[in-house]
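Overview (structure and organization)
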Amino acid sequence: PKKGPEMKLLRFTSIFLLGIIFSNPSSISSEAIKYKDADHVEVYVNKVGPYWNPHETYHFYSLPLCRPEKIEHRSLTLGEVLDGDRMAKSMYDVKFKQSLDSAQLCTITLNQEQIEQLKLAIEDLYYFEFVVDDIPMRGFVGQLEEGNLIPHTHHTYLYTHYDFYFFYNEDRIIYANVSTKQRAPSKLDDVIAPIELTFTYSVYWEKSNITFQNRGKLLRSTGFFPKTLEIHWLSIINSIILVFLLLGFVVIILSRVLKNDFLRYNAEGEESLDDEDYGWKLISNDVFRFPSHKLLFCSILGVGTQFLVLAFGILLMAMLGLFNVHRHGSLNTAAFLLYALTSGIAGFVSSKNYRQMNGEKWVWNINLTACLYTVPFFLTWSIINTVAWAYGSTQALPFTTIVVLGLVWIVIGYPLTVFGGIIGKNSSGSFDAPCRTKNICREIPPIPWYRSTLSHMMIGGFLPFSAISVELYYIFSTLWGRDQYTLYGILGIVFVILLSVTACISISLTYFQLASEDYRWWWRSILTSGATGLFVLAYAIFFFAKRSNMSGGLQTLQFFGYTFLTCYIFCLMLGTVGYYTSLKFIRYIYFNIKMD
């Protein structure tokens, strides 16, 4: 009976979620266009940007290159817009199965300002992206040639000829690529403005034996960006060994200590503990004394549980192959929809715990739960989006997209939080503590420095971080580099390892805290486990300074802004894991001793 409302909420969320995911065109494989001979093949220009700043992108037509008189944009999915795509029709006249040789695209005249703009783009290693039938094609805008070392000189060249290579199987395009190396580029140094440039292109078609169903494998194995991610068994084995060692410590060593404690506390003939006794039984009447700031405490548990479900949901969808490699922004769409649809879980968990702790301001609790992550995210995103808009970057979301995202949270996210909160409030029940709590608090003895909150945070944060530190490099290289992460099964294993290590460390540190007769474990269980997020933030700073080539104000702001939000998620999520495992452990040990 107690689980009835929980199962109803979970069933409702699951059905709604599956309906949204499988009805969303960006989360499933799209059917390629079927062509007839000589049919027009639309080539979309998308974006340009510095090679080393993956999230600093601009519209292709922001550069003074060939453009039609009227720019027509393609209709984009939510995920594509969130990914910074701004696809527009190009002037390339490509016919299915019809090759072209040195067809003229346009002739343009560049003034001095436009020449300097192109030179600056080439010096920053700008690349461009075209899209044909959902297949991205990338290449560099120009070529940078180093000259003398002292004094330092360099030369800039603009590519004015593109070679398109298309591979087809029957009536479908399997793969496409663009090359800029077949013709000599045009030199932009030491020229007197205005200059006139003619752009040309060639088209080549080749039959392929690869079927359309398998073209995703070809796209993953080829591409413009380097492929450096492989299964790194050494780090996985290292993490697994660490988990087994920690489990051995908790199960064997801690169980031996508990066994001795149980024998001492439950010894026959012992009527009460004298003044010389010590340990965690002495605080049995205080250990379940509810924490201060219950409103915030329960909101953290609600949002942390939501992100746990969100993480498992994304990993499950990824391992099921729902994220198509040639479908732009599918992961962004899934993450946003999952966050909105799992808001009911946050409201339910937060309200239920708050009610069990005899909280009375349940309306404030639900509102705080709804805003605990949303408000910091909105403030951070607003600053980044404003700067991106000032830079003219495609990372700045259009006004219509902002309205849509806001409406999704207002119409779906917030109401689900309230709905879950009402169900949690009405189905909370009692806290069911195994020990009674006295009105007067027991005095806590002096705590040595190595058992302080800061010391426990260092231990509780470092050990889980060490289990995932190697994998973090690959994750950061994917999010803030040019690598494409497809090892979702390995990522799932590492995530389970992270949660396991966090749970083990939380139990151990909680026992040591109770053994020193300190019953203030509630907040400490969250702080010690959530401290992993601080270590992730420290690693992010190291990665930015030593392992990446990112530069510029916009890219730096994006990196630290979104990294801060990610570390905040780590704190909420792992803090929730630490609390629930500590609570389970404390219930167990106090259920198994004789109470006076």
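Per an unreviewed UniProt entry, the recorded name for the chain is Transmembrane 9 superfamily member, and the organism is Brachionus plicatilis. In its Subcellular location (unreviewed entry) section, the UniProt record describing the chain reads: "Cytoplasmic vesicle, Autophagosome membrane". In its Sequence similarities (unreviewed entry) section, UniProt records this for the chain: "Belongs to the nonaspanin (TM9SF) (TC 9.A.2) family."

1. Some words on the overall build of the chain
A tally of helices and strands in the chain yields 16 helices and 14 strands. Counting over 596 residues, the chain shows a buried share of 52%. Long-range contacts, defined as pairs at least 24 residues apart, comprise 81% of the intrachain contacts of the chain with a sequence gap of at least 6.

2. Brief notes about the side chain of R215
By the secondary structure assignment, R215 is in helix α4 (residues 215-221). Judged by its relative accessible area of 1%, R215 is buried. A polar contact is formed between the side chain of R215 and the backbone oxygen of D133, at a distance of 3.3 Å. A polar contact of 3.1 Å, which involves the side chain of R215, links it to the backbone oxygen of I173.

3. Examining the packing of aromatic side chains
One pass over the full model with this rule turns up 58 aromatic pairs. Seen in terms of ring centroids, F96 and W205 are 5.2 Å apart; in terms of plane orientation they differ by 75 degrees. Their pairing is edge-to-face. In this pair, F96 sits in the loop between β5 (94-95) and β6 (100-110) while W205 sits in strand β14 (residues 195-207), placing the two residues 109 residues apart along the sequence. In this pair, the class of F96 matches that of W205, namely buried. Of note, R587 hangs over the ring of F431, and the distance from its end group to the ring centre comes to 4.7 Å.

4. A closer look at helix α15 (residues 532-547)
Buried within α15 are the following residues: T532, G533, F535, V536, Y539, A540, F543 and F544. Here the buried face of α15 lies against α12 (453-479), α14 (522-530) and α16 (553-591).

5. Thoughts on the environment of Y58
On the secondary structure map, Y58 appears in strand β3 (residues 58-59). Y58 sits 26 residues away from G84 along the chain, and the two C-alpha atoms are 8.3 Å apart. The residues contacting Y58, other than those within four sequence positions of it, are N46, K47, V48, Y126, Y391, G392, S393, T394 and L554.

6. Some details on the packing of α12 against α15
Running from N to C, α12 and α15 cross one another at 40 degrees; their axes reach a closest spacing of 8 Å. In terms of orientation, α12 and α15 fall into the oblique class. Considering only the axes of α12 and α15, their crossing is right-handed. Contacts from M457, M458, G460, G461, F462, P464, F465, S469, L472, Y473, F476 and S477 in α12 reach T532, L534, F535, V536, Y539, A540, F543 and R547 in α15. Across the contact of α12 with α15, the residue classes tally to 14 nonpolar, 5 polar and 1 charged.

7. Digging into unusual backbone geometry
Leaving glycine aside, a negative phi is the common case for residues, and trans is the common case for peptide bonds. Cis geometry marks the peptide bond from A193 to P194, where omega comes out at 0 degrees. Positionally, P194 belongs in the loop between β13 (186-187) and β14. A positive phi angle, close to 55 degrees, is found at D190, a residue other than glycine. When you line up the elements, D190 lands in the loop between β13 and β14.

8. Here's the deal with the packing of α12 against α14
Contact geometry of α12 with α14 gives a least axis separation of 7 Å together with a crossing angle of 45 degrees. With respect to their mutual orientation, α12 and α14 come out oblique. The interaxial crossing formed by α12 with α14 has right-handed handedness. Contacts from T453, H456, M457, G460 and G461 in α12 reach R524, L527 and T528 in α14. Across the contact of α12 with α14, the residue classes tally to 2 nonpolar, 5 polar and 1 charged.

9. Looking at the sheet that holds β13
On the basis of which strands lie adjacent, the open sheet formed by 3 strands has the order β9-β10-β13 and antiparallel pairing. Each edge of the open sheet is held by one strand with a lone partner, namely β9 (142-146) and β13. The pairing of strand β10 (residues 154-158) with β13 spans 2 bridges and is classified as antiparallel. Paired with L158 across the strands is S186, a residue of β13.

10. Remarks on a nonpolar patch on the surface
There is a patch of nonpolar side chains on the surface, built from I240, F244, L247, V251, I252, I253, V257 and I493 and spanning about 680 Å² of accessible area. The element best represented in the nonpolar patch is helix α5 (residues 233-265), accounting for 7 residues. Note on placement: V257 falls in helix α5. A residue is classified by how much of its surface remains accessible, and V257, at 30% relative accessible area, is partly exposed.

11. What to know about the environment of A538
Inspection of the secondary structure puts A538 in helix α15. Between the C-alpha atoms of A538 and C567, which are 29 residues apart in sequence, the distance is 9.8 Å.

12. A short note on the state of the cysteines
Covalent bonding between the sulfur atoms of two cysteines defines a disulfide. Within the structure shown, the criterion is met by 1 disulfide. The partner cysteine of C66 in its disulfide is C106, sulfur to sulfur 1.7 Å. Judged by the sign of its S-S torsion, about -75 degrees, the cystine formed by C66 and C106 is left-handed. With C66 in the loop between β3 and α2 (78-82) and C106 in strand β6, this pair connects stretches of sequence that are 40 residues apart. The pair C66 / C106 is uniform in exposure class, with both members buried.

About the thresholds
- Residue positions are given per chain, counting from 1 as you read along its sequence in written order.
- It should be noted that, the model being predicted, local features are given only for residues of pLDDT at least 70 and side-chain atom pairs only at 80 or more, the latter also being counted only at that level, while totals for whole chains, interfaces and linings use all residues.
- Side-chain calculation: all heavy atoms of the structure are included, whereas hydrogens and water are not.
- UniProt positions are given in the numbering used here, feature names are shortened, and annotations may be inferred rather than shown by experiment.
- A run of H or I in DSSP becomes a helix once it reaches four residues, and a run of E becomes a strand once it reaches two; helices and strands are each numbered from the N terminus.
- Only protein chains enter the accessibility calculation, which uses a 1.4 Å probe; a residue whose area is less than 20% of its type maximum is buried, one above 50% is exposed, and one in between is partly exposed.
- Contacts are assigned to residue pairs that have any heavy atoms within 4.5 Å of one another.
- Each polar contact in these results corresponds to two N or O atoms within 3.5 Å; when the atoms are within protein, one needs to be able to donate a hydrogen and the other to accept it, and residues that are neighboring in sequence are counted only if both atoms are side-chain atoms.
- Between rings of Phe, Tyr and Trp, where Trp is taken as its six-membered ring, a pair exists when centres lie within 6.5 Å; planes separated by under 30 degrees are stacked, by over 60 edge-to-face, and by other angles tilted.
- By definition here, charges over rings are those cases where NZ of Lys or CZ of Arg is within 6 Å of the ring centre and within 35 degrees of the ring normal.
- Note on geometry: axes are lines fitted to C-alpha atoms, helical ones only across the stretch in contact, with angles between N-to-C directions running from 0 to 180 degrees.
- Orientation is classified from the angle alone, with under 35 degrees giving roughly parallel, over 145 giving roughly antiparallel, 65 to 115 giving roughly perpendicular, and any other angle giving oblique.
- Take the far helix as your reference; a near helix turned counterclockwise from it by less than a right angle gives a left-handed crossing, and one turned clockwise gives a right-handed crossing.
- Three categories are distinguished: nonpolar for Ala, Val, Leu, Ile, Met, Phe, Trp, Tyr, Cys and Pro, charged for Asp, Glu, Lys and Arg, and polar for the others, with Gly belonging to the last.
- One bridge is not enough; two strands pair if DSSP finds at least two bridges between them.
- Candidates for patches are residues over 30% relative accessible area with no salt bridge; among them, like charges are joined within 9 Å and nonpolar side chains (Val, Leu, Ile, Met, Phe, Trp, Tyr) within 5 Å.
- Computed with the Shrake-Rupley method and a 1.4 Å probe, the accessible areas treat only the protein chains shown as cover for residues.
- A carboxyl oxygen of Asp or Glu within 4 Å of a side-chain nitrogen of Lys or Arg is what we treat as a salt bridge.
- To count as a disulfide, a pair of cysteine sulfur atoms needs to be within 2.5 Å.

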